[in-house]
Amino acid sequence: MTQPKQQIFEGVRVLDLVARGAGATLAGSYLADFGADVIKIDKPGEPEPALGWPYVKDGTYLPYKLKGRNKRHITLDLSKPQGRDLFHRLIPDTDVVIEDFSAGTMEEWGHDWETLSALNPGLVFCRISPCGQTGPYRNRSGDGRTAEAFSGFCHIDGEPDRQPLSSQFDMGGAVAGIWAAYGIVLALLHRDAHGGKGQVIDLGLYEALYRQQVGNIPGYSSTGVAPKRAGSRKSGGIPWVDTHETKDGGFYTYSAVTRASMRDQMLAMGMFIDPRFEDFPAAHQHSNEYHEVAKEWMKERTLAEVDDAFQRYECSSAPVMNGESLINDPHLIAREQVITVDDPDLGTMRMQGIVPKFSKTPGRVRHTGERPGARNVEVYGELLGLGAQELENLRTAGII
């Protein structure tokens, strides 16, 4: 693919203070994928989040190769006076600061909004914290997992007779990263279209998932009925939504929400020949039996056979993909959602491509996530004019 000469966020500089292990660091990644100069700032000497974690190879935390790609990595101790001064020298030429410290931490270190905005009135200051900067819970600690719980997401996820489930990746943080990036784009749009003033974005980690539960709050407030866990089924006794195991150990999910899609699904599994499912009211009345018949039907067929039957009737359905299928699927490869990138630590590695796709400015992967301080000489020399001896003095003092 021919790369564009100009990227969407070319000329936009971001100082990313979000922890390397946090899902919310994806906020900076999304901007970097489309050309922003994202400078990732880590505390000097702070270990990588790899130790004791899964997804580690040769001491390298593999998820950060994706989350940190296209960013320039420097180190700086923001809590020390010299570190504060260096940070403030970077602010006039910065468009966006993203941080995820506990509420009030930036103020304690002298990086309050009044100080930063005085240095750069056009600055966008995006603040991601467990519960937001205000309210009675502002000082609570938390992460993406606790955000899933507090948002209500966990309450509706899992089997009905078992405890609530949390996701196996940092969904709370990752979704907050998406909303943070969206907020930054809105703030930059407003700044550039309406007078050049920046502003503060205050986002609680839980608020992203809370906002996306479109039926939960309106439903309960209007009817008094709270959604319940229903496993892979749809709560409310709707029989046309579920996931079942196939003959060869795969899993297949289906979902129908219109009469036409219900009909197609029932045709795919030959349901209409059973008098319990001869029409839609009958199928709904016998919803438990419908689930059991579908379960047995899939158990007698391979994943490919099930998929062929459902696709023959253009059903809303899909195999449950896993690590192997996600990296080898021909559609994902054709869509450039699986790409191979050179990496200084691992040689080459495969990772997700750019999302979404733009016809004129599609974005690109320039490099994988780097180790802390990899660009200290480059960034401090380029932006602040610091020489080798000054950098060495700062390194020795533990400032960078």
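A quick note: this is a predicted structure, and the numbers were derived from the prediction, not measured.

Engineer: Give a description of the sheet that holds strand β11 (residues 317–319) that names residues and reports values.
Structural biologist: The strand order β9-β10-β11 describes an open sheet built from three strands, whose pairing is antiparallel. The outermost strands of the open sheet, each flanked by one partner alone, are β9 (241–245) and β11. If you compare each strand with its neighbour and ignore which way they point, the axes differ by 15° on average. The strands touched by helix α13 (residues 303–312) are β10 (251–255) and β11; relative to β10, the strand with the most contacts, the crossing angle is about 20°.

Engineer: I'd like a description of unusual backbone geometry, backed by residues and values.
Structural biologist: Residue P356 follows V355 across a cis peptide bond; omega there is -10°. Phi is positive for N70, which is not a glycine, with a value near 70°. One can find N70 in the loop between α2 (62–67) and β5 (71–75). Take N70: its relative accessible area is 3%, and that puts it in the buried class. Even without glycine at this site, E336 takes up a positive phi of about 60°. The topology assignment puts E336 in the loop between α15 (330–334) and β12 (338–343).

Engineer: Quick one: what's the story with the packing of helix α1 (residues 26–33) against helix α7 (residues 171–193), residue by residue and with numbers?
Structural biologist: Between α1 and α7, the shortest axis-to-axis distance is 7 Å and the interhelical angle comes to 50°. Here α1 lies oblique to α7, going by the angle between them. For the pair α1 and α7, the sense of crossing is right-handed. Contact residues: L26, A27, Y30 and L31 in α1; A174, G177, I178, A180, A181, I184 and V185 in α7. Here the residues of the contact of α1 with α7 sort into 10 nonpolar, one polar and no charged.

Engineer: With reference to specific residues and values, describe the sheet that holds strand β8 (residues 199–204).
Structural biologist: Pairing within the open sheet is parallel, and its six strands lie in the order β5-β2-β1-β6-β7-β8. Two strands bound the open sheet, and with one partner strand each, they are β5 and β8. Sheet twist, expressed as the mean angle between neighbouring strand axes with direction ignored, is 20°. In this structure, strand β2 (residues 37–42) lies alongside β5, joined through five bridges in parallel fashion. The residue of β5 that forms the bridge with I39 is R72. Each of β7 (124–129) and β8 touches helix α8 (residues 205–212); the most contacted strand, β8, lies at about 75° to it.

Engineer: Which residues make up empty space enclosed by the protein, and what values go with them?
Structural biologist: Counting across every chain of the model gives two cavities of 30 Å³ or more. Computed from the structure, the second largest cavity encloses a volume of approximately 30 Å³. In this structure, the second largest cavity is lined by R13, R89, L90, D93, L383 and L384. At the level of secondary structure, the elements contributing two or more residues to the lining of the second largest cavity comprise α3 (81–90) and α16 (376–384). Counted by class, the lining of the second largest cavity contains three nonpolar, no polar and three charged residues.

Engineer: Explain the packing of aromatic side chains to me, and be specific about the residues and the numbers.
Structural biologist: According to the stated counting rule, one finds 12 aromatic pairs in the structure shown. Between the aromatic rings of W179 and Y182, the centroid separation amounts to 6.0 Å while the plane-to-plane angle is 90°, which identifies the pairing as edge-to-face. In this pair, W179 and Y182 both sit in helix α7, three residues apart, roughly one turn of the helix. With relative accessibility at 28%, the residue W179 sits in the partly exposed group. The class of Y182 is partly exposed, set by a relative accessible area of 49%. Linked through ring pairs, Y137, F150, Y206 and Y210 together constitute an aromatic cluster. Over the ring of Y64 we find R20, and its NZ or CZ is 4.0 Å from the ring centre. Above the ring of Y137, the side-chain terminus of R140 is found at 3.9 Å from the ring centroid.

Engineer: Hey, could you go over the pairing of β2 for me, with residue numbers and the actual values?
Structural biologist: The side chains of a regular strand alternate between the sheet's two faces. For β2, the tally of buried residues reaches five of six residues, placing the bulk of the element in the interior. With four bridges joining them, strand β1 (residues 13–16) and β2 adopt parallel strand pairing. Looking at the pairing, R13 lines up with D37 of β2. Taken together, β1, α1 and β2 form a β-α-β motif whose crossover is right-handed.

Cut-offs used in this document
Residues numbered from 1 in each chain as written. Predicted model: local features only at pLDDT ≥ 70, side-chain atom pairs only at ≥ 80, totals over all residues. Heavy atoms only, no water. Pairing = 2+ DSSP bridges. Helix = DSSP H or I, 4+ residues; strand = E, 2+ residues; numbered from the N terminus. Axes fitted to C-alpha atoms, helices over the stretch in contact; angles between N-to-C directions. Contact = heavy atoms within 4.5 Å. Buried < 20%, exposed > 50% of the residue type's maximum accessible area, 1.4 Å probe, protein only. Parallel < 35°, antiparallel > 145°, perpendicular 65-115°, else oblique. Left-handed = near helix turned anticlockwise from the far one by under 90°. Nonpolar A, V, L, I, M, F, W, Y, C, P; charged D, E, K, R; others polar. 1 Å grid on protein atoms, 1.4 Å probe; cavity = no way out; pocket = protein on both sides within 12 Å on 5 of 7 lines; lining within 4 Å. Points joined across faces, edges and corners; volume = space filled by probe spheres on them. Phe/Tyr/Trp six-rings, centres within 6.5 Å; stacked < 30°, edge-to-face > 60°. Lys NZ or Arg CZ within 6 Å of the ring centre and 35° of its normal. Right-handed = clockwise from strand over helix to strand, strands pointing away.

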